[in-house]
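Structural overview
Each chain, written out:
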Amino acid sequence: MEISTRAVRGISVFAWVMAATGTVIGQIHALARFVEHPNDLVESPLTRLWAVPATQALRPLLDWSDPWTVYVTYGKIWTPVCIAFLAAAYLVYRRRCTAGAERRLWQVQLGAYAAMTVSVFGDYFTPWWMEQMFVVGIAAMLAIGFGGIGLGIMMLRNGFRPRVTPVLLTIFLPLMFAITSVTSLGSALLPLVWGWAIAAQTVARREPVPTDRPAATGTPASAARVERS
């Protein structure tokens, strides 16, 4: 099914909105986790450095209900974040018209993104399945990390632009460890949504401008053209 220009632009905007929203709300979700699991702060001095004062400053956002309810409620942000980078990646895949090894690597990544989306949905919308969905999420993370290395390198070799997207795919695993040393695991997904938002915007900019819109006078654009001799 062909993706219309309107849908392309909508996906691009959605990816950017969710990248920004996830970056902010994702940290509030991390704080909610630390309230629910205070031992996480004991195990990570870097996390404690920012999380303790942030928890005190944002107390009204964290104590409006019991810690578990607050944690699960803010965790729902990760489902639209995952949908956003899945949609943006699929858009880029369709426009890129890949073949061979790169095409297979794309399919692995898209499958991993879909599995991650199912996992976070199960985590926060059906919390009674949280343990099972967490296992699905870990498997998806590994597929994203190791599969992204191959896809990122292949995209760079084949001249993909913008370069930042395949670079972020390639270094997903070290970024994940760096991010989780200061905040929660969910935030490790943020480089993906930012990378694919940038790529989707590039695709949107290349979309042809429609030429069949009516002119300002209400006449068809084709009738408004004047042939010059």
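This text follows the structure it describes.
Residues numbered from 1 in each chain as written. Predicted model: local features only at pLDDT ≥ 70, side-chain atom pairs only at ≥ 80, totals over all residues. Heavy atoms only, no water.

Running from N to C, helix α1 (residues 5–36) and helix α5 (residues 67–75) point in directions that differ by 155°, and their axes come no closer than 8 Å. One element, α1, and the other, α5, form an angle in the roughly antiparallel class. Classified by chirality, the crossing of α5 by α1 is left-handed. Residue-level inspection shows I25, I28, H29, A32, R33, V35 and E36 of α1 in contact with α5, the latter providing P67, W68, V70, Y71, Y74 and G75. Partitioning the contact of α1 with α5 into residue classes produces nine nonpolar, two polar and two charged. (Axes fitted to C-alpha atoms, helices over the stretch in contact; angles between N-to-C directions. Helix = DSSP H or I, 4+ residues; strand = E, 2+ residues; numbered from the N terminus. Parallel < 35°, antiparallel > 145°, perpendicular 65-115°, else oblique. Left-handed = near helix turned anticlockwise from the far one by under 90°. Contact = heavy atoms within 4.5 Å. Nonpolar A, V, L, I, M, F, W, Y, C, P; charged D, E, K, R; others polar.)

With an omega dihedral of 5°, the bond running from R161 to P162 counts as a cis peptide bond. Of note, P162 is situated in the loop between α8 (130–157) and α9 (164–170).

Further remarks concern a nonpolar patch on the surface. Together, F134, I138, L142, F146 and L185 make up a nonpolar patch on the protein surface, roughly 470 Å² of accessible area in all. As for its position among the elements, F134 is in helix α8. Judged by its relative accessible area of 46%, F134 is partly exposed. (Patch = residues over 30% accessible without salt bridge, like charges linked within 9 Å, V, L, I, M, F, W, Y side chains within 5 Å. Areas by Shrake-Rupley, 256 points an atom, 1.4 Å probe, with all protein chains shown as cover. Salt bridge = Lys/Arg side-chain N within 4 Å of Asp/Glu carboxyl O. Buried < 20%, exposed > 50% of the residue type's maximum accessible area, 1.4 Å probe, protein only.)

Attention now moves to the layout of surface pockets. Space inside the largest pocket adds up to approximately 560 Å³. Sorting the residues of the lining of the largest pocket by element identifies α1, α2 (39–43), α5, α7 (100–125) and α8 as the ones contributing at least two each. A per-element tally of the lining of the largest pocket places α8 first, with six residues. For the lining of the largest pocket, the residue count by class is 13 nonpolar, ten polar and five charged. For the second largest pocket, the calculated volume is near 160 Å³. What lines the second largest pocket is simply V92, R95, R96, G159, F160, R161, P162, A199, T202, V203, R206 and E207. Residue assignment for the lining of the second largest pocket shows that the elements contributing at least two residues are α6 (78–96) and α11 (190–206). In terms of residue count, α11 provides more of the lining of the second largest pocket than any other element does, four residues in total. By residue class, the composition of the lining of the second largest pocket is five nonpolar, two polar and five charged. (1 Å grid on protein atoms, 1.4 Å probe; cavity = no way out; pocket = protein on both sides within 12 Å on 5 of 7 lines; lining within 4 Å. Points joined across faces, edges and corners; volume = space filled by probe spheres on them.)

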